[in-house]
Amino acid sequence: MHCFNHPDNVAVGLCKCCSRGLCADCAADLGHGLACRDRHEQQVEAMNMIIEQSARIYSSAPKNILIGPIFFLFMGLLFAGFGLFSPNGISAFPLLLGVGFILFAVVAFVRSRALFRGQP
Ligand SMILES: [Zn+2]
Ligand SMILES: [Zn+2]
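Residues numbered from 1 in each chain as written. Chains lettered and ligands numbered in written order. Predicted model: local features only at pLDDT ≥ 70, side-chain atom pairs only at ≥ 80, totals over all residues. Heavy atoms only, no water.

**Student:** Looking at this structure, how should I read the coordination of the zinc ion (ligand 1)?
**Tutor:** Donor atoms from the polypeptide that coordinate the zinc ion (ligand 1) comprise Cys 15 (SG), Cys 18 (SG), Cys 36 (SG) and His 40 (ND1), at 1.8 to 2.3 Å from the metal. What the 4 donor atoms of the zinc ion (ligand 1) show is an angle range of 100 to 126 degrees at the metal, which sorts the shape as tetrahedral. Each donor residue of the zinc ion (ligand 1) lies on the same chain, and together they follow the pattern C-x2-C-x17-C-x3-H. In this structure, Cys 36 and His 40 share a single accessibility class: buried. (Donors = N, O, S within 2.8 Å, 3.2 Å for Na, K, Ca; no water. Tetrahedral: all angles 85-135°; square planar, octahedral: opposite > 155°, others 65-115°. Buried < 20%, exposed > 50% of the residue type's maximum accessible area, 1.4 Å probe, protein only.)

Here it is in structure tokens:
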């Protein structure tokens, strides 16, 4: 592969923005990628920033997805406890409601885990 601007020079890499071959004279090394010097440096810099930000959001997501299941689990225990220890003996409705909430919490947890499987 040869440089897009200098057909005689061997390319050292590709611009992350336009994917053209760049020789050592044309390439600007931005740390995590090459860019056409003085042409696509800013675009590639912005692209890297967006990728970094979304990677950060994505990696913090597995912690956030626990909030829903924990809330339902708490509600489930509350209702189930109310059903089991109500003053008139065991009352079925809150107990069933509580079990339903707990089941929903488990399903929500398993589903969100499956969504993020393979993530570190
Ligand atoms: Zn470029
Ligand atoms: Zn060149």
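**Student:** Help me understand the UniProt feature "transmembrane region" (unreviewed entry) in the protein, please; the structure alone is not making it clear to me.
**Tutor:** With numbering aligned to this structure, UniProt lists the feature "transmembrane region" (unreviewed entry) at residues 65–85 and 91–110. Secondary structure content for residues 65–85 is 86% helix and 0% strand, while the C-alpha to C-alpha distance between its ends is 31 Å. Between the end C-alpha atoms of residues 91–110 the distance is 29 Å, and the span holds 95% helix and 0% strand. (UniProt positions renumbered as here; feature names shortened; annotations may be inferred. Helix = DSSP H or I, 4+ residues; strand = E, 2+ residues; numbered from the N terminus.)

**Student:** It is not clear to me how the side chain of His 40 should be interpreted in this structure. Could you clarify?
**Tutor:** Secondary-structure assignment places His 40 in the loop between strand S4 (34–36) and helix H1 (41–64). If sequence neighbours within four positions are ignored, His 40 has contacts with Cys 15, Cys 17, Cys 18 and Ala 35. (Contact = heavy atoms within 4.5 Å.)

**Student:** I would appreciate a short explanation of the domain arrangement of the protein in the present structure.
**Tutor:** Bring the parts together and some accessible area is lost; that lost area is often taken as the interface size. Annotation of the protein at the domain level lists domain 1 (13–59) and domain 2 (65–115). The C-alpha centroid of domain 2 is placed 49 Å from the C-alpha centroid of domain 1. (Domains from an automatic or database assignment.)

**Student:** Would you mind showing me how to read the UniProt feature "domain: B box-type" (unreviewed entry) in the protein here?
**Tutor:** In the numbering used here, UniProt assigns the feature "domain: B box-type" (unreviewed entry) to residues 1–41. Its end C-alpha atoms 21 Å apart, residues 1–41 is made of 2% helix and 24% strand.

**Student:** I keep staring at the coordination of the zinc ion (ligand 2) and nothing clicks. Help me out?
**Tutor:** A four-donor tetrahedral metal ideally has 109.5 degree angles, and a six-donor octahedral metal ideally has angles of 90 or 180 degrees. Ligation of the zinc ion (ligand 2) by protein atoms is provided by Cys 3 (SG), His 6 (ND1), Cys 23 (SG) and Cys 26 (SG), these donors lying 2.0 to 2.3 Å from the ion. Of note is the zinc ion (ligand 2), whose 4 donor atoms meet at the metal with angles of 99 to 115 degrees in an arrangement that counts as tetrahedral. In terms of primary sequence, the donors binding the zinc ion (ligand 2) are separated according to C-x2-H-x16-C-x2-C. Within this pair, whereas Cys 3 is found in the segment before strand S1 (13–14), its partner Cys 23 is found in the loop between strand S2 (21–22) and strand S3 (27–29), the two being separated by 20 residues in sequence. Side by side, Cys 3 and Cys 23 carry an identical accessibility label, which is buried.

**Student:** What exactly am I supposed to notice about the environment of Leu 73 here?
**Tutor:** Along the chain, Leu 73 falls in helix H2 (residues 67–84). Residue Leu 73 is classed as partly exposed on the basis of its relative accessible area of 36%. Separated by 26 residues in sequence, Leu 73 and Val 99 have C-alpha atoms that sit 9.2 Å apart. In this structure, Leu 73 is in contact with Ile 102 and Ala 105, ignoring residues within four places of it in sequence.

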